[in-house]
Every structure is written in structure tokens, then in C-alpha cells.
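# Summary of structural features
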Amino acid sequence: MGEAVSPTTKNGDKHMKSINKYVGLDVHKDTIMVAVAESGRAGEVRLYGQIDSDLLALERVLRKLGGDGIVLHVVYEAGPTGFVVCRRLKQLEIDCIVVAPSKTPQAKGPRQKTDRRDAVQLARLHRAGELTAIHVPDAVDESVRDLTRARADAVHDLTRAKQRLKAFLLRLGYRYPGTANWSEAHQLYLRKLTLPLPALRSVLEEQLLAVDQATQRVSRLDELLAAQVPQWRYYPAVQAVMCLRGFRLTSAAVIVAELGDVRRFRHPKNLMAFLGLVPRENSTGDTRRLGAITKTGNAQARWCLIEAVQKALVPPKVSAPLALRQHGQPALYRELGWKTQVRLHKRGWHLIHRGVMKAKVNVALARELAGFLWDLLRQVPAPRA
């Protein structure tokens with residue numbers, strides 16, 4: 001990682017040394033703190049200074065730091081500013097990686113944390129090769145992921161609006177006598193309610209309006225997903241996931257958008273760890289202690305998998321909607337879908353008979369389902385960039 005030697009002529013009799021410089025960026029909304037580490041173990045690590053977060057200002061700084069025979073290696077931590085800086089530097093053919101703050105080594109001694117220290121630390125660790133880059137999605141892939149997350153936010157808002165309405169009526173002593181909440185009969189019951197005071201009637205109308213607006217928002221986002229996902233380059237992977245029970249277009253799009261290309265996971269255990277479905281461990285010597293799941297990584301995909309295994313205890317069956325989704329897909333996908341149903345059903349009942357809590361059973365089945373997804377998505381041809 002020190003200096004590389006490359007020929008400058010066809011005969012190779014003249015050589016030019018290529019010098020590496022490692023640039024650490026502490027990126028914020030308005031400013032960027034820049035630090036530089038020279039190549040070599042004894043190379044100088046210095047603070048360059050603070051600049052505006054404008055990309056043009058960053059490009060000017062990198063041009064000053066670069067030059068003939070100098071190779072720049074830029075690093076910054078993932079944060080609310082996204083991947084705009086990384087994508088721009090990739091366009092300029094400058095090596096740039098993004099690292100997760102949770103995986104950045106931290107010294108135990110110092111109790112001071114400033115932007116300057118963070119930038120210098122990133123430059124020094126990048127030179128030492130101690131940083132692990134995270135996956136930076138393509139701009140189009142990230143846009144589909146943002147669309148799926150917007151729908152998840154809309155569903156969350158709808159759930160909260162329904163809970164507020166039910167809590168409001170329960171506080172006034174109104175209880176729906178039926179069994180199916182938010183069915184047509186339930187909504188008709190809510191519309192026919194007559195509250196004694198004008199203020200209470202106004203609150204009820206506002207709550208009903210909030211539920212209607214949230215419902216319409218979810219419907220609009222479902223329509224947008226149905227229109228845009230078939231044009232996505234990962235749509236064959238979405239179709240493959242839809243061959244599994246519990247996955248329709250929306251949930252399959254969520255899984256594929258959050259995971260991206262699963263070929264970056266060498267083993268299904270790596271995918272399970274990425275989803276936070278592996279147990280915590282605190283072992284030493286001959287003692288091994290396992291705790292609850294880590295819940296690190298991608299919470300959206302983890303939630304989607306746990307929702308997909310809710311019907312795993314139901315006997316395996318290829319229903320009419322599932323058969324329609326599997327129509328026209330390769331036999332390998334259908335066979336793997338059936339194998340997944342049988343395995344999850346068997347595993348689920350085995351854990352239930354052992355007296356394991358239903359919530360823990362769902363997590364265990366979601367972990368198994370992650371392994372099947374890893375195997376399934378590796379069978380799908382890799383999409384073109």
C-alpha cells in the first residue's frame with residue numbers, strides 16, 4: 001500500500017513513482033472536514049481544514065491534493081447526506097469508499113470527539129486498511145428502495161391513525177361489537193356513530209378523515225410500485241421472490257431493494273448477520289453465552305421476513321394466488337418455493353412442541369427463510385449495470 005512503480009515509456013526504461021494519499025472526510029450538512037494521510041507507516045497525518053459541503057469545493061480540494069503520480073483514496077462515514085459524494089467521486093474516477101460508523105474502530109482511551117479528530121482518524125485507519133466499505137447502491141436502485149420505504153412509512157402512519165381513533169372511542173365508552181376491525185361493517189359502524197357533544201363529533205370526523213387520507217396514500221404508493229417495479233433491472237429477482245409463500249409484489253420489492261445483489265454475501269450466515277437475525281454472543285474460554293438477536297443491519301428487510309413467516313405453521317399448500325405468481329417461472333424457483341414451505345412448517349412445529357415462544361419461533365423461521373432467499377436469488381441471472 002506504499003508506493004507503486006509503473007513504466008512511463010513503451011520500453012519500460014523510465015519509471016515514475018505513484019504516491020498514494022488517503023483522504024478522510026467528516027461530512028455534514030453544511031461543512032466537510034478534510035484530513036490527509038501520506039503513504040507509508042511513518043507518513044504524515046495532517047488536518048487539511050474545513051470546507052463547504054458543496055461538491056465543487058470538494059473537487060477543488062481534491063485537485064490540489066492530487067496531481068501527476070498521486071493516487072487519492074477517499075473515505076467518509078455513512079450518514080444523512082447519503083451517497084452523493086461517493087457517486088460524484090466515482091464519476092471523477094477517484095477511489096472512494098463509504099464505511100458504517102458502527103464498524104469504525106474506536107480507541108478506548110480518548111473521551112473527546114470532534115470533527116477534526118474524526119477526519120484524521122478516518123484517514124489514518126484507511127491507510128492502515130482497517131476500514132470495511134459498505135455497499136453503495138446504484139442511484140436507480142436507491143430510488144426504488146426509497147419508494148418502498150415511503151410505502152412503509154405510509155402504512156405506519158395509517159396504523160397510528162387507526163390506533164388513535166380506536167383509543168379515542170374506547171375512552172368514551174364506545175366498543176365495536178363485531179369481530180373484524182376495519183371491515184366494511186366496522187367502517188359503517190364508525191360513520192353511524194353520534195357523539196353527544198359538538199367538540200367530540202369534530203374530533204371523530206378529523207380522525208376518520210386522517211384514516212381515509214392515510215389509506216389513499218398507501219393505495220397511491222401501491223399503484224406506483226406496481227407501475228415502476230416491472231421496469232426495474234432487478235424485476236426478475238422480484239419475480240423469483242414472489243414464488244415463495246408470503247411474498248407478493250410489494251414485499252418482494254422491499255426484500256430485493258434492501259438486499260441488492262446477494263452475491264456480495266459469501267455465505268447465508270453473512271446475510272443473516274446483515275439482517276440482525278443472529279444471536280448476540282459473549283463467549284470466553286470454554287464458556288459460551290448466547291443472547292437475543294443483534295437487531296443490527298437492515299431493520300426493514302428483517303421486519304418483512306418476520307411478517308412473511310406468519311403463516312409458516314399452516315400446512316404447506318400452493319394456493320391459487322401463489323400458483324398465479326409462479327406461472328411462467330423456472331421450475332427451479334417453484335421447487336425451491338415448495339422446499340421452503342415444507343422446511344419452515346416442519347421447523348416451526350418442532351419448536352412449538354419444544355415449548356418455544358411464538359415470537360422466538362417467528363425469528364428462527366425468518367432466519368431460515370433468509371438462507372432460502374440467499375439460495376434463490378443466487379440462481380437469478382445477475383442484472384446489467
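The structure presented is a predicted model; accordingly, all values stated were derived computationally and were not measured.

### A look at the layout of surface pockets
Estimated volume of the largest pocket: approximately 950 Å³. Contributing to the lining of the largest pocket are 33 residues, with Ala 100, Ile 134, His 135, Phe 274 and Gly 297 lying nearest its centre. Of all the elements in the fold, those that place two or more residues in the lining of the largest pocket are helix H4 (139-171), helix H8 (249-259) and helix H9 (268-274). Split by residue class, the lining of the largest pocket holds 15 nonpolar, nine polar and nine charged. The space that makes up the second largest pocket amounts to roughly 680 Å³. Lining the second largest pocket are 24 residues; nearest its centre among them are Gly 246, Phe 247, Arg 248, Ser 251 and Glu 307. For the lining of the second largest pocket, the secondary-structure elements that each account for two or more residues are H4, H8, helix H10 (299-308) and helix H11 (320-326). Looking at the lining of the second largest pocket element by element, the count peaks at five residues for H10. Per-class residue counts for the lining of the second largest pocket are ten nonpolar, seven polar and seven charged.

### Overview of the packing of aromatic side chains
Tallying each qualifying case throughout the model produces three aromatic pairs. Pairing Tyr 176 with Tyr 189 gives two aromatic rings, centres 5.2 Å apart and planes at 50°, and the pair type is tilted. Here Tyr 176 is found in the loop between H4 and helix H5 (184-192), whereas its partner Tyr 189 is found in helix H5, with 13 residues between them in sequence. Judged by relative accessible area, which is 22%, Tyr 176 ranks as partly exposed. Of the residues examined, Tyr 189 reaches a relative accessible area of 21% and is grouped as partly exposed. Between the NZ or CZ atom of Arg 264 and the centre of the ring of Phe 274, over which it lies, the distance is 5.3 Å.

### Details of the side chain of Glu 258
Positionally, Glu 258 belongs in helix H8. Non-local contacts of Glu 258, meaning those with residues more than four positions away in its chain, are made with Arg 145, Thr 148, Arg 149, Arg 264, Phe 274, Asn 298, Gln 300 and Ala 301.

### Observations regarding the pattern of salt bridges
On inspection of all chains with the given rule, the structure shows 15 salt bridges. The salt bridge partner of Glu 59 is Arg 88, with a shortest N-O separation of 2.7 Å. Residue Glu 59 is located in helix H1 (residues 55-65), and its partner Arg 88 is located in helix H2 (residues 84-91); the two are separated by 29 residues in the primary sequence. Accessibility expressed as a relative area gives 11% for Glu 59, which makes it buried.

### A few points about the pairing of strand E5 (residues 70-77)
With five bridges joining them, E5 and strand E6 (residues 95-99) adopt parallel strand pairing. Following the sheet pairing, His 73 is matched in E6 by Asp 95. With H2 bridging E5 and the parallel E6, this β-α-β connection has right-handed handedness.

### With respect to a nonpolar patch on the surface
Nonpolar side chains collect at one region of the surface, where Val 318, Trp 338 and Val 342 lie side by side and expose about 250 Å² of accessible area between them. With respect to the helices and strands, Trp 338 occurs in helix H12 (residues 331-353). Assessed through its relative accessible area of 40%, Trp 338 is described here as partly exposed.

### Some points on the side chain of Ser 251
Mapped onto the secondary structure, Ser 251 falls in helix H8. When sequence neighbours within four positions are dropped, the list of residues in contact with Ser 251 reads Gly 246 and Cys 304.

### A word on the environment of Pro 321
Within the secondary structure, Pro 321 is located in helix H11. Sequence separation between Pro 321 and Gln 300 is 21 residues; the distance between their C-alpha atoms is 25 Å.

### Concerning the packing of H8 against H10
Their axes nearest at 9 Å, the elements H8 and H10 cross at an angle of 145°. As H8 packs across H10, the resulting crossing turns out to be left-handed. Residues Ser 251, Val 254, Ile 255, Glu 258 and Leu 259 of H8 touch H10, and the partners they reach there are Gln 300, Ala 301, Cys 304 and Leu 305. Across the contact of H8 with H10, the residue classes break down as six nonpolar, two polar and one charged.

### Some thoughts on the environment of Lys 21
Position of Lys 21 among the secondary structure elements: in strand E2 (residues 15-27). When its relative accessible area of 11% is taken as the criterion, Lys 21 is described as buried. On a C-alpha basis, the gap between Lys 21 and His 126 in space is 9.9 Å, while along the polypeptide they are 105 residues apart. When neighbours within four sequence positions are excluded, Lys 21 is seen to be in contact with Val 36, Ala 37, Glu 38, Arg 46, Leu 65, Ile 70, Val 71, Leu 72 and His 73.

Each value, and the rule that gives it
Residues numbered from 1 in each chain as written. Predicted model: local features only at pLDDT ≥ 70, side-chain atom pairs only at ≥ 80, totals over all residues. Heavy atoms only, no water. 1 Å grid on protein atoms, 1.4 Å probe; cavity = no way out; pocket = protein on both sides within 12 Å on 5 of 7 lines; lining within 4 Å. Points joined across faces, edges and corners; volume = space filled by probe spheres on them. Helix = DSSP H or I, 4+ residues; strand = E, 2+ residues; numbered from the N terminus. Nonpolar A, V, L, I, M, F, W, Y, C, P; charged D, E, K, R; others polar. Phe/Tyr/Trp six-rings, centres within 6.5 Å; stacked < 30°, edge-to-face > 60°. Buried < 20%, exposed > 50% of the residue type's maximum accessible area, 1.4 Å probe, protein only. Lys NZ or Arg CZ within 6 Å of the ring centre and 35° of its normal. Contact = heavy atoms within 4.5 Å. Salt bridge = Lys/Arg side-chain N within 4 Å of Asp/Glu carboxyl O. Pairing = 2+ DSSP bridges. Right-handed = clockwise from strand over helix to strand, strands pointing away. Patch = residues over 30% accessible without salt bridge, like charges linked within 9 Å, V, L, I, M, F, W, Y side chains within 5 Å. Areas by Shrake-Rupley, 256 points an atom, 1.4 Å probe, with all protein chains shown as cover. Axes fitted to C-alpha atoms, helices over the stretch in contact; angles between N-to-C directions. Left-handed = near helix turned anticlockwise from the far one by under 90°.

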